[in-house]
Every structure is written in structure tokens, then in C-alpha cells.
There are 2 protein chains.
Amino acid sequence: MSTFNIDDYISQLSIDCVIFGFKDKELKVLVSELTYGDNLWSLPGGYILKTESVDAAAARILKRSTGLDNIYLEQFRVFGDENRILQSKYKENIKQGLLQLNDKRFDEKTIAWMANRFVCIGYYALVDINKVNPKPGEFGASIEWRNIDDLPNLTHDHDTIVSYGLKALRQILDEKLIGFNLLPKTFTMKEVKELYEAVHDTSFPMNNFQKKILELNVLERLGKKFTGAQNRAPFLYRFKEN
Amino acid sequence: MSTFNIDDYISQLSIDCVIFGFKDKELKVLVSELTYGDNLWSLPGGYILKTESVDAAAARILKRSTGLDNIYLEQFRVFGDENRILQSKYKENIKQGLLQLNDKRFDEKTIAWMANRFVCIGYYALVDINKVNPKPGEFGASIEWRNIDDLPNLTHDHDTIVSYGLKALRQILDEKLIGFNLLPKTFTMKEVKELYEAVHDTSFPMNNFQKKILELNVLERLGKKFTGAQNRAPFLYRFKEN
């Protein structure tokens, strides 16, 4: 295991990722239970090497957490409140928790560095939940998918980060239906509708919905999906090639 | 003049502001000529105090540059490429330029800090050009409004920052017509159209345009603007109260 050297990283600047997946008609977010703290959870996150771009750092963190490369990943907001950690109840928790861990990788100076104020850049990612092999980061005891309506006790302002991430996902879906990784390779209009309904937490009438989606002009209609009840077989769609 | 103390600021994190104004049917951006460098210009920018939020830092920089408080100001993107300064031709320029300035406020250590890699948070602001009293920052020899199509030689990746700022302005105008400071208190539909045309760098047919704008439901129609030619007097509008 490599030793963490604070001199390799930009100080006071971090990344947190809202990683979205879609399964069983539910929108899910990947969250990690922290090794320190009592039932305290976190978004997958990390720091930025002095020698790498912010986007590359986000891709690295995403890969570490999911095992996936080349994933749709987009920054959506900076969380820069001066009190988001510094004056919160978590600051001492972090220090104490990390000190108690007695982890050889982190000396006192490193722990003080980590418990400092951090400005956070929020990224969201859309992943195929079936392809993900979730793995906790440096401070994660475990990592799991949680329904967006059933998130555990999140550290710092991670609740707020999830809210803004969801807002960004809604916007990108409405504008461009960039939901490739959230849907299988081919899918029915009903499945697209179920995705939208999970993301928007509301239901849409099918006729209007289908009309709106087809107007976006990003889907290609394939043959019918035969399931036995032939007269009701729905069309299959896939995303057009770029 | 106060001394600049690098220990007061977050290192490697900066803010640059794309400050938009609208006058004579032209979209304008506030740019500052740097005291160092040869005809090298910059967006108004600065650093973030360890004790202030990122938004407060942006508001402080905006006030310093324009004299204005309570201005519509929104972050739109992080510019985090590892080479945006470090490996560019400007790094040595900055160091040399600052050293040559022989400015008592900045010792060698401070100059090395300033010439380091910085991740930049881009903010855009919409201001009433008639109310602005532009003032250059620490490194500005002068500051002036320039047409967005006629910007001078900008330092670092400030061209890219302006492009993304313009994209964000287009989006916010299309969605919500948040253009209050870019238009006078009351205005005609023709003036709104001129603003849109300057921002989008294209022309719109009046009938469609008026229909689209009125559908946004953010304008209140007042009386007619009488100018003598009574039969052609246009209606005046203003923004609805929130």
C-alpha cells in the first residue's frame, strides 16, 4: 500500500463524486461508510495531484471506486462555504477518528492537513450498475448502492452535493437524454420513462412523454420486442451513434 | 496600501470573473491590462481568503473591479487543466514581470506562490454598465470595457473562460431571461431582442422572438412609449417582481 504524501496534492481542494446508477426502477447513488465516525457515510472523493488536471483526478477517483474507465463524468458545482468542514462538528470527529485509526499511512501532520478547510468540486457520473465493482477508498469501511430517497447519514455537506448532482442530472436528461449508462444497450420507451420517473421522482403520461423524447432526436427505433403477447410488443430503441 | 500575505489565502485556487455589460447594442466584457507583460490582458480575478466562502471572494473581487454590491454573480465552471499556467509561456513571464515591477508588497516567495499552478473557478456577473466605475486590481495597469468580439490578447486560458462564460449567459437568458442589469428599468421588446442578438451573435425574427419571450412569463407590460410617431409607439416592459 502506497504512503499518502500531502506534498503531492493541492491543499484545501477536493473532489466528491455523485455516482448514479439505475436498477429495478430506482435511481441509486454510491456511498461509502467511513472507517472513522459512527455510522457516518460519504460520497466517493479524493484529492488532486499537483501534476494532474482536475478532470483526470475525478476520473481516477471514479475508477478507484467503480473499477470503470471512460465513464461519462461532468463537474457540476463548486462547494466553497468556509464552514462546510472547519466549524462543523465533523472537524474534531475527523481528527479523532483518523488518529484512533492509528493508520501508519497518516501521521499527525497529514491528519491536520486532511481536517483543514477544503473547497470541493462536485462531479457526477452515470454508470451501468451491472458493470460496477464498488470498492471503498482510503477511508471507506464499505461501499454500497443506496436509493436516492434512502441515503444514510452523510458527512459534511454531502447531502447538498447530492441535491445539486441530482439537479444537474435532471437538466442533462431533459436537454439531451444523456442517459446511456443508465439504460441497457437496447430498451423500450417504458424503460426510458421509468428512468425519467425515478430521476424526477414523479410520473409522466406515456403519450406526451414519448412525443417529447422522440423530439430530442437522439434515439433510433429498432424492431419490436417480442415477448409472446405479440399484439402488444413494444418497439426497442437504442441511442444513435454520435 | 495593505501588504499581500500569502498565508491569508488558499493556495493554488483562484477566481476569474467574466463581467458582462450591454451598451450600444453590444455585449461587452471588462478586461484589465496587466502591469507586467507586453500588451497582456486579464479578466478581473483574485484569490480566496482562508476565512471566506468562495462566493464571498467572488463578490469581493467584483466589488473591487466595479464598485458594485449585490450583483447577480454565478459560478459556471472550474478550469483545472494542469498546464493552464505551469507549462505555458506565461509562467516565466509572470515571475519576471512581477520581479521587474519591484513592488514592495510582493517578495520573491510571494511571487513564486503566484506563479504556481492555480485551479480557477469561473464566475460571471451581469452589471449595469452605466453604474460601473471600473478599477484595476493589484496587477492591473488599466481596465476597460471591450466588445466580446474584439477582446485583446488575454493571458492564460482566459479566452476559454470567456467562451464558457458566454455559454452560461446564453443558457441563463434562454431559460429565465435573467438579464435585469443588462437592460434599463423599462425597455421595449426591440431592446430585449437587441440584447439577445448581441449575446447569441445572430438575429431573430421579431414575431417568433416576442412570442418566445412572453411565454417565459417574467415580463410585465406597461404603457406605450410615445415618441411622436404615435401609431408606431412600442409597448414598454419591465421585469416582474420576484
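Definitions and cut-offs
Residues numbered from 1 in each chain as written. Chains lettered and ligands numbered in written order. Predicted model: local features only at pLDDT ≥ 70, side-chain atom pairs only at ≥ 80, totals over all residues. Heavy atoms only, no water. Helix = DSSP H or I, 4+ residues; strand = E, 2+ residues; numbered from the N terminus. Contact = heavy atoms within 4.5 Å. Areas by Shrake-Rupley, 256 points an atom, 1.4 Å probe, with all protein chains shown as cover. Buried area = accessible area lost by both parts, 1.4 Å probe. Salt bridge = Lys/Arg side-chain N within 4 Å of Asp/Glu carboxyl O. Polar contact = N/O pair within 3.5 Å; in protein donor to acceptor, adjacent residues only side chain to side chain. Nonpolar A, V, L, I, M, F, W, Y, C, P; charged D, E, K, R; others polar. Buried < 20%, exposed > 50% of the residue type's maximum accessible area, 1.4 Å probe, protein only. Pairing = 2+ DSSP bridges. Domains from an automatic or database assignment. Expected span 1.5 Å × (residues − 1). Arc of directions from axis to C-beta. Least-squares fit on C-alpha atoms with pLDDT ≥ 70 in both.

As recorded in an unreviewed UniProt entry, chain A goes by ADP-ribose pyrophosphatase YjhB, NUDIX family and comes from Flagellimonas zhangzhouensis.

A. Here's a closer look at the overall build of chain A. From N to C terminus, chain A includes 6 helices and 10 strands. Along the three orthogonal principal directions, the C-alpha set of chain A runs to about 70 × 35 × 30 Å. Excluding contacts between residues fewer than 6 apart, the proportion of contacts in chain A whose partners are at least 24 apart in sequence is 72%. Roughly 12,300 Å² of accessible area belongs to chain A as shown, and the carbon and sulfur atoms make up 44% of that amount.

B. Quick peek at the interface of chain A and chain B. In this complex, chain A contributes 23 residues to the contact, which on the side of chain B involves 23 residues. Of the roughly 1,800 Å² buried at the junction of chain A and chain B (both faces included), carbon and sulfur atoms supply 48%. Where chain A meets chain B, there are 2 salt bridges. The tally of links between chain A and chain B comes to 12 residue pairs in polar contact (both at pLDDT 80 or more). At the level of secondary structure, the elements contributing two or more residues to the side of chain A that touches chain B comprise strand S1 (9-23), strand S4 (45-49), strand S5 (72-79), strand S6 (119-126) and helix H4 (158-176) of chain A. For the side of chain A that touches chain B, the residue count by class is 8 nonpolar, 7 polar and 8 charged.

C. Representation of the pattern of salt bridges within the structure. Inspection of every chain in the model, using the stated rule, returns 24 salt bridges over all chains. Across the salt bridge formed by Glu144 of chain A and Arg146 of chain A, the nearest N and O atoms sit 2.9 Å from each other. Among the ionic pairs, Lys25 of chain B bridges to Glu194 of chain B, the shortest N-O distance being 3.6 Å. Of this pair, Lys25 of chain B sits in the loop between strand S1 (9-23) and strand S2 (26-34) while Glu194 of chain B sits in helix H5 (residues 189-200), and the two are 169 residues apart along the sequence. The exposure class of Lys25 of chain B is exposed, given its relative accessible area of 53%. Glu194 of chain B gets classed as buried once you look at its relative accessible area, which sits at 14%. Each member of the salt-bridge network shares a partner with another, and the members are Lys25, Lys190 and Glu194 of chain A.

D. Spatial organisation of the sheet that holds strand S9 (residues 219-224) of chain A. All names here are of chain A. As summarised here, the arrangement of the 3 strands in space is S8-S10-S9, forming an open sheet in which the pairing is antiparallel. Of all strands in the sheet, those with a lone pairing partner are strand S8 (187-188) and S9, marking the two edges. Inspection of the sheet shows S9 paired to strand S10 (residues 235-239) by 4 bridges, in the antiparallel sense. Looking at the pairing, Glu220 lines up with Arg238 of S10.

E. Just the domain arrangement of chain A, in detail. All names here are of chain A. As assigned here, chain A comprises domain 1 (6-176) and domain 2 (183-239). The C-alpha-based centres of domain 1 and domain 2 are spaced at 32 Å. Contact residues are listed per partner, giving 12 residues for domain 1 and 11 residues for domain 2. Summed over both partners, the interface of domain 1 with domain 2 buries about 1,100 Å², with 63% contributed by carbon and sulfur atoms. There are 2 salt bridges connecting domain 1 and domain 2. The salt bridge partner of Asp174 is Lys212, with a shortest N-O separation of 3.9 Å. Applying the counting criterion to the domain 1 and domain 2 interface returns 3 residue pairs in polar contact (both at pLDDT 80 or more). Taken together, the elements giving at least two residues each to the side of domain 1 that touches domain 2 come down to strand S2 (26-34) and H4. Among the residues making up the side of domain 1 that touches domain 2, the classes are represented as 5 nonpolar, no polar and 7 charged.

F. Molecular detail of helix H1 (residues 54-66) of chain A. All names here are of chain A. Compared with an ideal rise of 1.5 Å per residue, which puts 13 residues at 18 Å, H1 spans 18 Å between its outermost C-alpha atoms and is within 8% of the ideal. Burial in H1 covers these residues: Val54, Ala57, Ala58, Ile61, Leu62, Ser65 and Thr66. One side of H1 carries all its buried residues, which in axial view fall inside an arc of 145°. Just downstream of H1 lies Gly67, where phi reads positive at about 80°.

G. Expanded view of the side chain of Ser32 of chain A. Residue and element names in this part refer to chain A. The topology assignment puts Ser32 in strand S2. The class for Ser32 is buried, based on a relative accessible area of 6%. A polar side-chain atom of Ser32 sits 2.9 Å from the main-chain carbonyl oxygen of Ser142. What Ser32 contacts, discounting residues up to four positions off in sequence, is Leu40, Trp41, Ser42, Pro136, Gly140, Ser142 and Ile143.

H. Representation of the relation of the copies chain A and chain B within the structure. The operation relating chain A to chain B is a screw motion whose rotation component is 180°, with 0.0 Å of axial translation and a residual RMSD of 0.0 Å. Given the turn and translation reported, the copies of this chain are related as if by a two-fold rotation axis. Looking at the interface residues of chain A, 100% of them are also at the interface in chain B, so both copies use one shared face.

I. Highlighting the side chain of Thr110 of chain A. Looking at the secondary structure, you find Thr110 of chain A in helix H3 (residues 108-114). Excluding residues that lie within four positions of it along the chain, Thr110 of chain A makes contacts with Phe4 and Ile6 of chain A.

J. Fine view of the pairing of strand S5 (residues 72-79) of chain B. Residues and elements named next belong to chain B. Judged by how many residues are buried, S5 sits mostly within the fold: 6 of 8 residues are covered. When S5 meets strand S6 (residues 119-126), the two strands line up antiparallel, connected through 7 bridges. By the bridge assignment, Leu73 is partnered in S6 with Ala125.

K. Layout of unusual backbone geometry. Residue and element names in this part refer to chain B. A positive phi angle, close to 50°, is found at Asn70, a residue other than glycine. With respect to the helices and strands, the residue Asn70 is situated in the loop between helix H1 (54-66) and S5. For Asp201, which is not glycine, the phi torsion reads 55° and is therefore positive.

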